[in-house]
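# Structural characterization, general
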Amino acid sequence: MNSIVSPPIAAVPFSLTGLLCELGECVHWDADAARLLWTDIEGRCLYAWTPASGEVRRWAMPSRLACFALGERPGRLLLGLERSLASFDLETAVLTELCQLPIGAGLRINDGRCDRAGNFVFGLKNERDRTPRESFWRYTEAGDLQPLALPPVVITNSLCFSADGTRIHFADSLDSRMRCADYDAALGRVSAVRPFGPHFGAGVEPDGAVVDTEDGVWCALWGGSRVVRLDARGRISAEYMLPVSQPACPGFGGAALERLYVATARAFLPPDLQRREPLAGAMLELRIPGLRGLAETRFGGAL
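Here we summarise the structure given alongside this text. (Residues numbered from 1 in each chain as written. Predicted model: local features only at pLDDT ≥ 70, side-chain atom pairs only at ≥ 80, totals over all residues. Heavy atoms only, no water.)

The next thing to look at is the pairing of strand S8 (residues 95-100). Note: strand S7 (residues 84-89) against S8, five bridges, orientation antiparallel. By the bridge assignment, Ser87 is partnered in S8 with Thr96. Between S7 and S8, which pair antiparallel in sequence order, lie five residues; one of them, Ala93, sits at a positive phi of approximately 60°. (Pairing = 2+ DSSP bridges. Helix = DSSP H or I, 4+ residues; strand = E, 2+ residues; numbered from the N terminus.)

Here it is in C-alpha cells:
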C-alpha cells in the first residue's frame, strides 16, 4: 500500500442519529449476527450496529467497559470492566462476574484482546499519576488469571497479535511509539521486547491497533488525527487523515472484513474543539481498495 493523505472517507452513519460517544473503543465485527460492536468507556455502555437494518442497540454497563472479546458461543462476550472480568449475554443482558483483579488503587483495565490461541490478554491504565506500573495480564481459556511479563507502562494500548500468534504488539501511549515482543501463547511467555515503528511525535499517542491479513498493523493515533498502517517491519506503508483529532480504535468489519471502522472520542476536548469537530465521538468508516482484515480470535473458555 502506498502512503495516502486525505483519502475518501465514507459518511458516518451514526452521526445521523446523533450518536456520539464520549470515548469509543474496542471495535469488533460479530460475524454471527453481521453487526459491529464497540464500547463507550466513559459513557459506560456497549453498542451494536447492524448495517443491513440500520438498527442500533445499547446496553448499559455497571462500570466503565474498556475492552471485550467475542466468545465461541454466539451472543456471548468476555468483558473487561474497570477492575473485573465478566461474561455477558447480548440477548438476555445477563452479566456474570468471572473474577476481580488484584490491582492497586488508581488502576483500571484499558486495552485488551484475545491472542491467537483464545486467551484474553489485557493491560491497565494508571489514572492516579504518570508512574509506570506492572500492567499486563492474561485470562486463560481455563479461567486462570496470570501476569504477563511485559515492561511497566502508564497507559496500555495497541495490543494486537501477528497472524501466526508469535508476536505481540503493545504501547505505552505516553511514549508516542509502539513496541513488540516474541510471544509464546502456550506458556504465556514474552521475550525480546523491542521498538516497533517510528516515534509519532510529541502529543501523538498510539491507541487501539489491529492486524490485517498481510501482518500489517493499523493503529489509531490519538492527538494525531489519523490512522497509520505499519508493515511487519514497522515501516509506515499507509496513512489516512481523519476529520477528528482523537481517533481511538480501528476494527475491521463487513462480510469480507473489507472495511475499516474507527471509533473516536469527544472526551477531554474543550468546547471550542468539540464545535470544530462535529464528528468527534462518531464511528468513522474507511473503504480502502484491496483491504482485508484479519478476523479477531474468540475467547476459547466458557462464558
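Next comes the rest of the description.
Let's shift gears to the pattern of salt bridges. Counted according to the given criterion, the structure contains 21 salt bridges. We note a salt bridge from Glu127 to Arg64, for which the minimum N-O separation is 2.9 Å. Here Arg64 lies in the loop between strand S4 (55-60) and strand S5 (67-70) and Glu127 lies in the loop between strand S10 (120-126) and strand S11 (136-139), a separation of 63 residues in the sequence. Of the residues examined, Glu127 reaches a relative accessible area of 36% and is grouped as partly exposed. Note on Arg64: relative accessible area 13%, which makes it buried. (Salt bridge = Lys/Arg side-chain N within 4 Å of Asp/Glu carboxyl O. Buried < 20%, exposed > 50% of the residue type's maximum accessible area, 1.4 Å probe, protein only.)

The buried fraction of S10 is high, at seven of seven residues. With six bridges connecting them, strand S9 (residues 107-114) and S10 associate as antiparallel partners. Residue pairing across strands places Arg108 opposite Lys125, the latter belonging to S10. What sits between the antiparallel neighbours S9 and S10 is a turn of five residues, in which Gly118 has the positive phi angle 95°. Bridging between S10 and S11 involves four bridges; their strand directions are antiparallel. Bridge pairing links Val121 to Arg138 in S11.

So, on to the packing of aromatic side chains. Per the stated rule, a full pass over the model turns up nine aromatic pairs. Relative to Phe122, the ring of Phe120 lies with its centre 5.7 Å away and its plane at 25°, an arrangement referred to as stacked. You'll find Phe120 and Phe122 in the same group, each marked buried. (Phe/Tyr/Trp six-rings, centres within 6.5 Å; stacked < 30°, edge-to-face > 60°.)

Backbone-to-backbone hydrogen bonds join strands into a sheet, with any given pair of strands oriented parallel or antiparallel. A sheet is described by the order of its strands in space; here four strands give the open sequence S9-S10-S11-S12, paired in antiparallel fashion. The sheet is open, and its two borders are formed by S9 and strand S12 (145-147), each paired with just one other strand. Each adjacent strand pair in this sheet contributes to an overall mean axis angle of 30°, direction not counted. Two elements, S11 and S12, share three bridges in a ladder whose sense is antiparallel. Within S12, the residue paired with Trp137 across the bridge is Pro147. (Axes fitted to C-alpha atoms, helices over the stretch in contact; angles between N-to-C directions.)

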